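Letter by letter, the chains look like this.
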Amino acid sequence: MVVRESFQTQLDELREMLVELGQLAENALEEAIDALKNQDIDKALRIIDNDYRINDLEEEINDKAILLIAKQAPVASDLRRIIVSIKISSDVERIADFAVNIAKSVIRIGNEPLIKPLEDIPDLAETAKSMLTEAIEAYKEEDIVLAKNMADKDDYVDEKYGQLIQEILGKLKEYPDSTNQIIQLSFICRYIERTADHATNIAESIVYLVKGKHYDLNE
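Not measured: the values here are computed from a predicted model.

> Which residues make up the overall build of the protein, and what are the values?
Summing up its helical and strand segments, the protein has eight helices and zero strands in all. Relative to its full complement of 219 residues, the protein shows a buried share of 48%. Within the protein, counting contacts between residues at least 6 apart in sequence, those at least 24 apart form 83% of the total. For the protein, the computed accessible surface area is about 10,800 Å², with 47% contributed by carbon and sulfur atoms. Charge separation in the protein, taken as the distance between the mean sites of 26 positive and 45 negative side-chain charges, equals 3 Å.

> Outline unusual backbone geometry, supporting the account with residue identities and numerical values.
Despite not being glycine, Gln39 has its phi angle at roughly 45 degrees, a positive value. Looking at the secondary structure, you find Gln39 in the loop between helix H1 (2-38) and helix H2 (41-49). Phi at Glu142 is positive, roughly 50 degrees, even though this residue is not glycine. Of note, Glu142 is situated in the loop between helix H5 (120-141) and helix H6 (144-148). The partly exposed category is assigned to Glu142, whose relative accessible area is 32%.

> Summarise the side chain of His198; cite the residues concerned and give the values.
Note on placement: His198 falls in helix H8 (residues 179-211). Overall, His198 belongs to the buried group, its relative accessible area being 8%. With sequence-adjacent residues up to four places away left out, His198 is seen in contact with Asp91, Arg94, Ile95 and Phe98.

> Can you lay out the packing of aromatic side chains for me, pointing to particular residues and giving the numbers?
Aromatic ring pairs are described here by two measures, namely the spacing of the ring centres and the angle between the planes. In the structure shown here, the tally under the stated rule is two aromatic pairs. Ring centres of Phe98 and Tyr191 lie 6.3 Å apart, and the angle between their planes is 15 degrees; on these two criteria the pair is classed as stacked. With Phe98 in helix H4 (residues 76-109) and Tyr191 in helix H8, this pair connects stretches of sequence that are 93 residues apart. Here Phe98 falls in the buried class, since its relative accessible area comes to 4%. An angle of 40 degrees between the planes, with centres 6.4 Å apart, marks the rings of Phe187 and Tyr191 as tilted. One end of the pair, Phe187, and the other, Tyr191, are both in helix H8, four residues apart, so they sit about a helical turn from each other. The class of Tyr191 is buried, set by a relative accessible area of 17%. One aromatic cluster is present, built from ring pairs that chain together Phe98, Phe187 and Tyr191. Across the ring face of Tyr208, the terminal group of Lys87 is positioned such that the distance to the ring centre comes to 6.0 Å.

> Describe the nonpolar core, with residues and values.
Counting 71 residues, the largest nonpolar core has Ile102, Ile121, Leu185 and Ile192 as its most contacted members. Per-element tally for this core: the top contributor is H1, with 15 residues. Other than its neighbours up to four places away in sequence, Ile192 contacts Ile33, Ile102, Ile121, Leu124, Ala125 and Ala128.

> So what's going on with the packing of H4 against H8? Which residues, and what values?
H8 packs onto H4 with a crossing angle of 170 degrees between their chain directions and a minimal axis gap of 9 Å. Put simply, H4 runs roughly antiparallel to H8. Broken down by class, the residue content of the contact of H4 with H8 amounts to 18 nonpolar, ten polar and seven charged.

> Residues and numbers for the pattern of salt bridges, please.
This structure, assessed with the given rule, holds 16 salt bridges. A single salt-bridge network, built from bridges that share partners, covers Glu26, Glu30, Glu126 and Lys129.

Parameters at a glance
- Residues numbered from 1 in each chain as written.
- Predicted model: local features only at pLDDT ≥ 70, side-chain atom pairs only at ≥ 80, totals over all residues.
- Heavy atoms only, no water.
- Helix = DSSP H or I, 4+ residues; strand = E, 2+ residues; numbered from the N terminus.
- Buried < 20%, exposed > 50% of the residue type's maximum accessible area, 1.4 Å probe, protein only.
- Contact = heavy atoms within 4.5 Å.
- Areas by Shrake-Rupley, 256 points an atom, 1.4 Å probe, with all protein chains shown as cover.
- Lys, Arg positive; Asp, Glu negative; His and termini not counted.
- Charge placed at Lys NZ, Arg CZ, Asp CG, Glu CD.
- Phe/Tyr/Trp six-rings, centres within 6.5 Å; stacked < 30°, edge-to-face > 60°.
- Lys NZ or Arg CZ within 6 Å of the ring centre and 35° of its normal.
- Core = buried A, V, L, I, M, F, W, Y, C linked by side-chain atoms within 4.5 Å.
- Axes fitted to C-alpha atoms, helices over the stretch in contact; angles between N-to-C directions.
- Parallel < 35°, antiparallel > 145°, perpendicular 65-115°, else oblique.
- Nonpolar A, V, L, I, M, F, W, Y, C, P; charged D, E, K, R; others polar.
- Salt bridge = Lys/Arg side-chain N within 4 Å of Asp/Glu carboxyl O.

Written as structure tokens, this is what we have:
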């Protein structure tokens, strides 16, 4: 019984570490979009500098998960819980990487006057960020209803992404001197769209955790 309680404590610690990782990635994404809206180079640099915290925590999660498998030889739902923690931590770390990529694009754009008001891109980013927030909440609560709702939001992001890319790239002829900015803005849209994809991956992992079966929420 004592061994089981110790194992459960370590599983709880693993979950808490993963929730913390999700919050760090969410903050990085929010800060990156704020840096974009304000063309804040200093903030963009801080996002890049702070990325090591997320990378280090992901490594700690993976190390802890592997150690639990090696020492405890878990079966069934406990094994799924550990495997899912590794998969989710990878998706969250990728989202944090997208925040860093956005920050790098902000630096590359610099203080150049923007070719269009930044309304649609932050709105799209807010949807993607809310997907990450809900995915982490669904993981905490093992809530598959919340997880499955992710598919509708992902469809919305995909649709808006397609529209935005067409609009942005359509300005190449109108603003030939702003080719770099146009390319960077299109990259940013792509990073946001990929963020939503990885949030959906997290949702699929949660459904697998609870149900023990793989579901494709993008179908």
